[in-house]
Amino acid sequence: MDELPPTQKGRHHEIRALGLREFAGLKRDDEPLDPFELARYANLLVVPFEQIAALSPETVEHLTGDGKNAWSGGAASHKLPDGRKLIILNPTHGKNRHHATLMEEISHVFLGHKPSRLAIERKNEKGEIIARDYNHAIEEEAYSTGVAALVPYTALKRMVENGKTINEIARHFGVSRALVEFRIKISRLWELYSKSVFSGS
Ligand SMILES: [Zn+2]
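Residues numbered from 1 in each chain as written. Predicted model: local features only at pLDDT ≥ 70, side-chain atom pairs only at ≥ 80, totals over all residues. Heavy atoms only, no water.

Caption draft 1: Structural detail: the side chain of T7. Within the secondary structure, T7 sits in the segment before α1 (8–23). Among the residues examined, T7 registers a relative accessible area of 17% and is labelled buried. In this structure T7 touches I186 and R188, once residues within four positions along its chain are discounted. (Helix = DSSP H or I, 4+ residues; strand = E, 2+ residues; numbered from the N terminus. Buried < 20%, exposed > 50% of the residue type's maximum accessible area, 1.4 Å probe, protein only. Contact = heavy atoms within 4.5 Å.)

Okay, structure coming up:
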């Protein structure tokens, strides 16, 4: 059995995240997970924002202009005729944020969450959910499971012990620095991180 995080919530998410990584065919705990590849297995169709023909020019202008920081991605509430589910990602966000957003959507599917959510989720810069007019517990489970799949506990702990910086860990896994910081803190590794970074090892 793999070593699990110290908190009950952490273990809950980690066990599911490990299942997702296994499903993705990953063998090592430090192998980067490509959510775009995993999305295909999860029956999700990630469509480039430019290809969504149903949006009015005003909507597009808002979503990529004034409103661009207020959403990270969205899932269509209805399935396509072939059973796949449509996902769009905010085109003004970079690759790292797309990875986290897409992993959350994959987690919703994997965890069997009912698609009764709002189509658009609002998050702040750190990926924390700021709009709570849908089921918060469901969102937390999906987000936390997704980020645990991207940055697994055992690999994270080992890298922290070996003196790797947040920057290096983020680059390795293809995620944002904020996401790594979140994972370190929520996994109760912050003290260990501070010690190994400031001791210069
Ligand atoms: Zn969600």
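Caption draft 2: Representation of the pattern of salt bridges within the structure. Applying the stated criterion across every chain, the model contains 10 salt bridges. Residue R28 is joined to D30 by a salt bridge in which the shortest nitrogen-to-oxygen separation is 2.8 Å. Beyond isolated ion pairs, a larger network of salt bridges with shared partners links R28, D29, D30 and R158. (Salt bridge = Lys/Arg side-chain N within 4 Å of Asp/Glu carboxyl O.)

Caption draft 3: Spatial organisation of the packing of α1 against helix α5 (residues 136–150). Viewed as axis vectors pointing N to C, α1 and α5 meet at an angle of 60°, and their least axial separation amounts to 8 Å. Classed by the angle they form, the pair α1 and α5 counts as oblique. At the point where α1 passes α5, the crossing takes the right-handed sense. Contacts between α1 and α5 pair K9, H12, H13, E14, R16, A17, L20 and R21 from the former with E140, E141, S144, T145, A148, A149 and L150 from the latter. Grouping the constituent residues of the contact of α1 with α5 by class yields five nonpolar, four polar and six charged. (Axes fitted to C-alpha atoms, helices over the stretch in contact; angles between N-to-C directions. Parallel < 35°, antiparallel > 145°, perpendicular 65-115°, else oblique. Left-handed = near helix turned anticlockwise from the far one by under 90°. Nonpolar A, V, L, I, M, F, W, Y, C, P; charged D, E, K, R; others polar.)

Caption draft 4: Representation of the nonpolar core. Ranked by internal contacts, the top residues of the largest apolar core, which has 36 residues, are M103, I106, L156, V180 and I184. Only α1, α2 (35–41), β3 (85–89), α4 (95–110), α5, α6 (153–161), α7 (166–173) and α8 (177–186) provide two or more residues apiece to this core. Within the second largest apolar cluster, six residues are counted, among which are V47, F49, W71 and I88. (Core = buried A, V, L, I, M, F, W, Y, C linked by side-chain atoms within 4.5 Å.)

Caption draft 5: Geometry of unusual backbone geometry. In this model, N43 sits at a positive phi of 65°, which is unusual for a non-glycine residue. When you line up the elements, N43 lands in the loop between α2 and β1 (44–47). Residue class for N43 comes out partly exposed when judged on its relative accessible area of 37%. The phi dihedral of R188 falls on the positive side, at around 60°, and the residue is not glycine. With respect to the element layout, R188 can be found in the loop between α8 and α9 (190–198).

Caption draft 6: Here's a closer look at α7. Those residues of α7 not exposed but buried are I166, I169, A170 and F173. Projected onto a plane normal to the axis of α7, the buried residues spread over an arc of 100° and lie on a single side. At its buried positions, α7 is contacted by α5, α6, α8 and α9. Positive phi shows up at G174, right after α7, with a value of about 70°. (Arc of directions from axis to C-beta.)

Caption draft 7: How the structure looks around the environment of W71. With respect to the secondary-structure elements, W71 resides in the loop between α3 (57–64) and β2 (73–75). In this structure W71 comes out as buried when scored by relative accessible area, which is 2%. Separated by 53 residues in sequence, W71 and N124 have C-alpha atoms that sit 8.3 Å apart.

Caption draft 8: Just the packing of α4 against α5, in detail. One way to put it is that α4 packs onto α5 with a least axis distance of 8 Å and a crossing angle of 120°. When the axes of α4 and α5 are compared, the pair comes out oblique. Classified by chirality, the crossing of α5 by α4 is right-handed. Residues H99, A100, M103, E104, S107 and H108 of α4 pack against I138, E139, A142, Y143, T145, G146, A149 and L150 of α5. Its residues placed into classes, the contact of α4 with α5 shows seven nonpolar, five polar and two charged.

Caption draft 9: Representation of the packing of aromatic side chains in the model. The full count for this structure, using the stated rule, is four aromatic pairs. Centre to centre, the rings of F23 and F110 are 6.4 Å apart; their planes meet at 40°, and the pair counts as tilted. On the criterion of sequence distance, the pair formed by F23 in helix α1 and F110 in helix α4 is long-range, its members being 87 residues apart. The exposure class of F23 is partly exposed, given its relative accessible area of 44%. A ring pair is formed by Y143 and F182, whose centres lie 5.7 Å apart and whose planes are at 55°; its orientation type is tilted. (Phe/Tyr/Trp six-rings, centres within 6.5 Å; stacked < 30°, edge-to-face > 60°.)

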